[in-house]
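The lines below spell out each chain.
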Amino acid sequence: DIVHVIGDDTNGHLQCSDGISNLVIWHPDELISATTVAGTQECMRRAVIQQEFGAASDPNMKCVAGNISHEVVQACLTMKDFSHDFCSKALTSVLARQSSSVFALGDLATSDVITSLVHPVLAGTGRWAAEGLALGDGNRAPGTIAGMLVAEQNVCSSRFGVKGKIDASVRVCQGDGTTAVAPLELKTGRQHATHSGQVQLYQLMLHDLYDGQNQSPTALLLYAADNASVAKHQANFAMVQHLICNRNVLAAHQFGRG
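From a predicted model like this one, the values you see are computed outputs, not experimental measurements. (Residues numbered from 1 in each chain as written. Predicted model: local features only at pLDDT ≥ 70, side-chain atom pairs only at ≥ 80, totals over all residues. Heavy atoms only, no water.)

## Some thoughts on the nonpolar core
(1) Moving on: Grouped together as the largest cluster of nonpolar side chains are 35 residues, with contacts concentrated most on I68 and W128.
(2) Moving on: Only helix 3 (61-79), helix 4 (84-97), helix 6 (111-132), strand 6 (145-157), strand 7 (162-173), strand 8 (179-187) and strand 9 (218-223) provide two or more residues apiece to this core.
(3) Moving on: With residues up to four places along the chain from it excluded, the contact list for I68 reads L91, V94, L95, Q98, V102, I114 and V118.
(4) Moving on: Counting 23 residues, the second largest nonpolar core, distinct from the first, contains V162, I166, I244 and A251. (Core = buried A, V, L, I, M, F, W, Y, C linked by side-chain atoms within 4.5 Å. Buried < 20%, exposed > 50% of the residue type's maximum accessible area, 1.4 Å probe, protein only. Helix = DSSP H or I, 4+ residues; strand = E, 2+ residues; numbered from the N terminus. Contact = heavy atoms within 4.5 Å.)

Structure representation (structure tokens):
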């Protein structure tokens, strides 16, 4: 079995310390989805079944509306424009691209119905953006978003044995006037216990991708409901260690199947 031990090498002797320098990755080449690993916080067996057979579910309006909301909000973040006109244009464009997904829902799902589900999300994120975005020489308060680097960023980390698609990698304003990179995950539904674990792993993956350089200590969860808000999650090593242990169980199962 291949084992990756992350620790500090001092005088030829491996020493474990705090932070991410105290992890053991079993079968690091077995890349496990961050979403699946985060799901182990609720039920390990469900995560194993999902890994084995996939998350089987029929398409539904909330799911399709959520995907469309993601694309529209990402377009708004890219342009730093949450105005009504821009949101309407972006929504029209995304609906055209997602027409086959809407059609697959059946006769009850029309563009008007999907639009009615997406509008509250856009209204909520628009109100959040008024304070949460750093625009021009105006609001540069610590924690505000200065801009988006990449949308739907696929990251594979063989160092930590995890993979995932981050909704957005953004530049976050720091107290000293600089910016740092952070993962931003958009959620159109209710808050869930697994969301924190998901962004903790995304933070870990970005640490690997950027070699820890110019990285924000916080990961962001944007809950895009009527009263949209951003939850800021500081790096939590105890949670990361627990998630990596669960990831190792999943990796061993996946390796055994191979």
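From this point, the narrative continues.
## Considering the pattern of salt bridges
(1) Moving on: Here the structure, examined in full by the defined rule, presents three salt bridges.
(2) Moving on: With its nearest N and O atoms 3.2 Å apart, the salt bridge here joins E42 to R46.
(3) Moving on: The partner of K187 in a salt bridge is E185, with the nearest N and O atoms 3.6 Å apart. (Salt bridge = Lys/Arg side-chain N within 4 Å of Asp/Glu carboxyl O.)

## Some words on helix 3
(1) Moving on: In a regular helix each residue adds 1.5 Å, so 19 residues correspond to 27 Å; helix 3 covers 27 Å between its end C-alpha atoms and thus fits that length.
(2) Moving on: Among the residues of helix 3, those classed as buried are V64, A65, G66, I68, S69, H70, V72, V73, Q74, C76 and L77.
(3) Moving on: The inward-facing, buried residues of helix 3 contact helix 4, helix 5 (99-103), helix 6, strand 6, strand 7 and strand 8.
(4) Moving on: The distance from a side-chain oxygen at the start of helix 3 to the backbone nitrogen of K62 is 3.2 Å, and the residue carrying that oxygen is N60.
(5) Moving on: Trailing helix 3 by a residue or two, K80 shows a phi angle of about 55°, which is positive. (Expected span 1.5 Å × (residues − 1). Polar contact = N/O pair within 3.5 Å; in protein donor to acceptor, adjacent residues only side chain to side chain.)

## Quick word on the side chain of E185
(1) Moving on: Inspection of the secondary structure assignment puts E185 in strand 8.
(2) Moving on: Overall, the relative accessible area of 5% leaves E185 in the buried class.
(3) Moving on: A distance of 3.4 Å separates a polar atom in the side chain of E185 from the backbone nitrogen of D167.

## Points about a nonpolar patch on the surface
(1) Moving on: A surface patch of nonpolar side chains, amounting to about 310 Å² of accessible area, comprises V3, V5, V24 and W26.
(2) Moving on: At the level of secondary structure, the elements contributing two or more residues to the nonpolar patch comprise strand 1 (3-6) and strand 4 (23-26).
(3) Moving on: Considering the arrangement of structural elements, one finds W26 in strand 4.
(4) Moving on: The exposure class of W26 is partly exposed, given its relative accessible area of 33%. (Patch = residues over 30% accessible without salt bridge, like charges linked within 9 Å, V, L, I, M, F, W, Y side chains within 5 Å. Areas by Shrake-Rupley, 256 points an atom, 1.4 Å probe, with all protein chains shown as cover.)

## Quick look at the packing of helix 3 against helix 6
A packed helix pair is summarised by two numbers, namely the angle formed by the two axes and the spacing between the axes.
(1) Moving on: With their axes 9 Å apart at the nearest point, helix 3 and helix 6 run at an angle of 40° to one another. What the angle tells us is that helix 3 and helix 6 run oblique. The crossing of helix 3 and helix 6 is right-handed. On helix 6, the residues touching M61, A65, I68, S69, V72, V73 and L77 of helix 3 are V113, I114, L117, V118, V121, L122, T125 and W128. (Axes fitted to C-alpha atoms, helices over the stretch in contact; angles between N-to-C directions. Parallel < 35°, antiparallel > 145°, perpendicular 65-115°, else oblique. Left-handed = near helix turned anticlockwise from the far one by under 90°.)

## A word on the packing of aromatic side chains
(1) Moving on: This structure, assessed with the given rule, holds one aromatic pair.
(2) Moving on: Taken together, a centroid distance of 6.4 Å and an interplanar angle of 85° make the contact between F82 and W128 edge-to-face. Note that F82 is positioned in the loop between helix 3 and helix 4 and W128 in helix 6, a separation of 46 residues in sequence. (Phe/Tyr/Trp six-rings, centres within 6.5 Å; stacked < 30°, edge-to-face > 60°.)

## With respect to the packing of helix 3 against helix 4
(1) Moving on: Following both chains from N to C, one finds helix 3 and helix 4 inclined at 135°, their axes separated by 9 Å at the closest point. For the element pair helix 3 / helix 4, the angle class is oblique. Crossing hand, helix 3 versus helix 4: right-handed. Across from I68, E71, V72, A75, C76 and M79 in helix 3, the residues of helix 4 making contact are F86, C87, A90, L91, V94, L95 and R97.
(2) Moving on: Grouping the constituent residues of the contact of helix 3 with helix 4 by class yields eleven nonpolar, no polar and two charged. (Nonpolar A, V, L, I, M, F, W, Y, C, P; charged D, E, K, R; others polar.)

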